[in-house]
Structures are given as C-alpha cells and as structure tokens.
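The chain contents come next:
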Amino acid sequence: MLSERRLQVLRAIVQDYVGTEEPVGSKALTERHNLGVSPATVRNDMAALEDEGFIAQPHTSAGRIPTDKGYRLFVDKLAGVKPMTAPERRAIQSFLDGAVDLDDVVARTVRLLAQLTRQVAVVQYPSLTRSTVRHVELLALAPARVMLVLITDTGRVEQRVVDCAAPFGETALADLRARLNSRVAGRRFADVPRLVEDLPDAFEADDRGTVSTVLSTLLETLVEENEERLMIGGTANLTRFGHDFPLTIRPVLEALEEHVVLLKLLGEAGDSGMTVRIGHENAYEGLNSTSVVSVGYGSGNEAVAKLGVVGPTRMDYPGTMGAVRAVARYVGQILAES
C-alpha cells in the first residue's frame, strides 16, 4: 500500500499533467501544491511511485507522467466525481427537454456529452430486451391488412404491417386490441410470449388464424435484434489530442467505426453503475491509448442502455465522470416522463 503522502504526490502529478499536458517535475509539484515536504522528499516519493509502475519518464526530460496503473489508482482512490454546477444542470435540462422523440433524445444526448466533455460521445439506444410494453395499437389499413404499433416504456416505437389471410372486422380488431393490452401493458418483453399464447382461443374459429398472425408479428418484433443501435458524436474532438496518441490517431478512429467494439466497451446494459476503463484495460488494441467512461441510463431504477465518452487517458476524470452521470440522470427522467 502507498503511504498517504505518496498518494497525495500521485494525485498532484495526475492533476498537473492533465492540466498542463507537460511531464511533471518535483520542483513544480512543491511550488504548485502544499505537500508540506521538501523537493528532495518529493523526488524520493516520485522514485518510489516510478518503481511501483504508477508513473513513468516519457523521455529524457526530468518530468514524469502517470501510467495506466497510476490513473487507475487515481480514479479508484483519489478522484471524486465532480458535480455539475446549477447553471450547467439547467443548461442540460433545457437542451434535452426540447427533444421531440427517442431519436431526437439520443441525438441531443450525443451532442451534449461531446460538448460538455470535449471527448467522443457514444449513446446506445434503449435495449428492447430490457424494455416493457407501454401499449400495442392495431389499426385497420384494409379489410385484410392491419398496422401493428408497439410502444415501449422508453418511448421507442416499432411499426409493422400485417397481411391477414382473411378480412378482420373492426369489432374483432377492437376486441383483440383490448385483450392484448390488458395482458401485456406494463410487462417485460420476455414475459409476453407466455402471456399471449392462449389468446387466439378467446376468438371465434374464423378469426383465430388472423389473431395468430398478428401475435406472431408482435413476437417477431419483440425479439428482433435492435440492440446494436448506437449513435456517436464529437469524433473531431480527438484531433485536439493528437499528441496523446503514441503514433497516430488512425487506430482510434478505426475502432470507433466498429459498433460491436463500442457496445462491448460500454458494457452490459443492465449494469447501471459508473465504469471507467483505462488504456490497456480496453481489450481492443486500437483503444489502448484511450479511456472509456460509461454509465447506464433508464426510465426507472433499472438501466435499459449505456452512454459514455471515449478520450485520451490524459483525461479530466472527475469532470468527465460528473458530466456522464448528470446527463444519464436527465435522459432517464425524460424517458420516464415521455
């Protein structure tokens, strides 16, 4: 275990390097921070931190910079989450409140996160498998054609046109709509197949085939792989950090184009806690020089998707974590009210 003083020295090194982009020397540390010890003592502490792999000497300059291991200790032990100011919170709320539908919520969230953190923002669309049914609407388009509209608790809307084998009357359609919603409204997607399996039996023999066709379309809609949707924004922000990437920014840009990679980075949708992956903790080689800060968001206590940012490991972790957490909270409120 590091002594309290060495932890303070490490914190000062991280803060100075993030703020100045310059390797940090013992003289600068003692001048900028009230560490209460001599430069010689700070030099000894820095030597010990370097021996243990928390800081490194990037080149022959006298200064040191944090390693992935150093940033990890900083995030786990030394960095609080910096709360947003009241004006920042009001700005977030007013910007997101103008959204007209789920696509607009996601698009605004991406823009907002990229602007607040000056990093690359990634927002996953709400996962259908973690959603509940808010309402199912059935509309007659023609005697043997029905529009099925599925509305989820997160405001997601899925539409399908169902071609029926025989004409289906308005009375029977209204009956199906009422019976269907009484069974599935407010229920998890995973529960729906079990809840509707005997529904055709409640109808006249002539209508059962059509009811089964409508239900099979509903069940197909529930299981379709719509999880893989995400939106990304602020990629141009990376160009400001060119010197933070060892050779070239290209591997990072290529990784950001791989949505499967990004979904894995964000983590499991059901895990609503804050996740910070630093440098080589990211399994994808192209992102070894980046950090990913993500958190779950949802319309209740359970997360339905993740959002977060990708940036260089030389990141303002307390500020970034605060912004990501605050935006996730507001998006969850909007989904709950939508």
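Residues numbered from 1 in each chain as written. Predicted model: local features only at pLDDT ≥ 70, side-chain atom pairs only at ≥ 80, totals over all residues. Heavy atoms only, no water.

Things to note about the packing of aromatic side chains
- The final tally for this structure, using the stated rule, is one aromatic pair.
- Judged by centre distance (5.6 Å) and plane angle (50°), the rings of Tyr71 and Tyr317 are tilted. One end of the pair, Tyr71, is in helix H4 (residues 68–78); the other, Tyr317, is in helix H12 (residues 317–337), with 246 residues separating them in the sequence.
- Given a relative accessible area of 0%, Tyr317 falls into the buried group.
- Over the face of the ring belonging to Tyr125 we find Arg229, whose NZ or CZ atom lies 3.9 Å from the ring centre. (Phe/Tyr/Trp six-rings, centres within 6.5 Å; stacked < 30°, edge-to-face > 60°. Helix = DSSP H or I, 4+ residues; strand = E, 2+ residues; numbered from the N terminus. Buried < 20%, exposed > 50% of the residue type's maximum accessible area, 1.4 Å probe, protein only. Lys NZ or Arg CZ within 6 Å of the ring centre and 35° of its normal.)

Things to note about the sheet that holds strand E4 (residues 133–142)
- Pairing is antiparallel across the open sheet formed by three strands, whose spatial order is E4-E5-E6. Of all the strands in the sheet, the pair left with one neighbour each is E4 and strand E6 (157–163). Averaged over all adjacent pairs, the angle separating strand axes in this sheet is 20°, with direction ignored.
- Pairing between strand E5 (residues 145–152) and E6: seven bridges, direction antiparallel. Along E6, the bridge assignment pairs Met147 with Val161.
- Helix H7 (residues 170–184) rests against E4 and E5 of the sheet, and its axis sits at about 170° to E4. (Pairing = 2+ DSSP bridges. Axes fitted to C-alpha atoms, helices over the stretch in contact; angles between N-to-C directions. Contact = heavy atoms within 4.5 Å.)

Some details on the pairing of strand E9 (residues 290–297)
- The buried fraction of E9 is high, at eight of eight residues.
- Here E9 shows a buried face lined by Thr290, Val292, Ser294 and Gly296 and a second buried face lined by Ser291, Val293, Val295 and Tyr297.
- Summarising the sheet, strand E8 (residues 275–278) and E9 pair through four bridges and their orientation is antiparallel. From the neighbouring strand, Ile278 faces E9, where its bridge partner is Ser291.
- In terms of strand pairing, E9 meets strand E10 (residues 305–312) through eight bridges, oriented antiparallel. Paired with Val293 across the two strands is Val309, which belongs to E10.

Describing the nonpolar core
- Counting residues in hydrophobic clusters, the biggest one holds 57 residues, and the most contacted among them are Leu29, Leu307 and Tyr317.
- Considering every element that reaches this core, the biggest residue donor is H12, with eleven residues.
- If you count residues domain by domain, this core takes at least three from each of domain 1 (4–78) and domain 2 (86–126 + 228–337). (Core = buried A, V, L, I, M, F, W, Y, C linked by side-chain atoms within 4.5 Å. Domains from an automatic or database assignment.)

Focus: the packing of helix H6 (residues 102–117) against H12
- It is at 10 Å that the axes of H6 and H12 come closest, and there the two elements cross at 165°. On the basis of the axis angle, H6 is roughly antiparallel to H12. Between H6 and H12 lies a crossing of right-handed hand. In this structure, H6 uses Leu102, Val105, Thr109, Leu112, Leu113, Leu116 and Thr117 to contact H12, whose residues at the interface are Thr320, Ala323, Val324, Val327, Val331, Ile334 and Leu335. (Parallel < 35°, antiparallel > 145°, perpendicular 65-115°, else oblique. Left-handed = near helix turned anticlockwise from the far one by under 90°.)

Notes on the pattern of salt bridges
- Using the criterion set out here, one finds 16 salt bridges in the structure.
- Among the salt bridges present, the one from Arg64 reaches Glu50, with a minimum N-O distance of 2.7 Å. Taken together, the residues span a long stretch of sequence, with Arg64 in the loop between strand E1 (55–56) and strand E2 (65–66) and Glu50 in helix H3 (residues 39–51) at a distance of 14 residues.
- Arg64 gets classed as buried once you look at its relative accessible area, which sits at 16%.
- A salt bridge links Arg72 to Glu281; its shortest N-O distance comes to 2.7 Å. Taken together, the positions of Arg72 in helix H4 and Glu281 in the loop between E8 and E9 put the pair 209 residues apart, joining distant regions of the chain. (Salt bridge = Lys/Arg side-chain N within 4 Å of Asp/Glu carboxyl O.)

Let's talk about the pairing of E6
- Only one face of E6 is buried, namely the one carrying Glu158, Arg160 and Val162, since none of Val157, Gln159, Val161 and Asp163 on the opposite face is buried.
- The loop that links E5 with its antiparallel partner E6 comprises four residues; one of these, Gly155, has a positive phi angle of about 85°.

Some words on unusual backbone geometry
- One non-glycine residue, Glu21, lies in positive phi territory at about 65°.
- One non-glycine residue, Arg118, adopts positive backbone phi at about 55°.
- Among the structural elements, Arg118 can be located in the loop between H6 and strand E3 (120–124).

Brief notes about the domain arrangement of the chain
- Taken domain by domain, the chain consists of domain 1 (4–78), domain 2 (86–126 + 228–337) and domain 3 (129–225).
- If you average the C-alpha positions of domain 1 and of domain 2, the two centres end up 28 Å apart.
- Taken together, the contact pairs eight residues of domain 1 with 16 residues of domain 2.
- Taken over both partners, the interface formed by domain 1 and domain 2 buries close to 970 Å², and the fraction arising from carbon and sulfur atoms is 59%.
- Our count for the contact surface shared by domain 1 and domain 2 stands at two salt bridges.
- Inspection of the region where domain 1 meets domain 2 yields four residue pairs in polar contact (both at pLDDT 80 or more).
- Ranked by residue count, the leading element in the side of domain 1 that touches domain 2 is H4, at five residues.
- Broken down by class, the residue content of the side of domain 1 that touches domain 2 amounts to five nonpolar, no polar and three charged. (Buried area = accessible area lost by both parts, 1.4 Å probe. Polar contact = N/O pair within 3.5 Å; in protein donor to acceptor, adjacent residues only side chain to side chain. Nonpolar A, V, L, I, M, F, W, Y, C, P; charged D, E, K, R; others polar.)

Focus: the sheet that holds E8
- Taken in spatial order, the five strands make up an open sheet running E7-E3-E10-E9-E8, and their pairing is antiparallel. Because the sheet does not close on itself, it has two edges, and the strands there are strand E7 (230–233) and E8. Taken pair by pair, the neighbouring strands of this sheet meet at an average axis angle of 15°, ignoring direction.
- With respect to the sheet, H12 is in contact with E8, E9 and E10, its orientation differing from that of E9 by roughly 25°.

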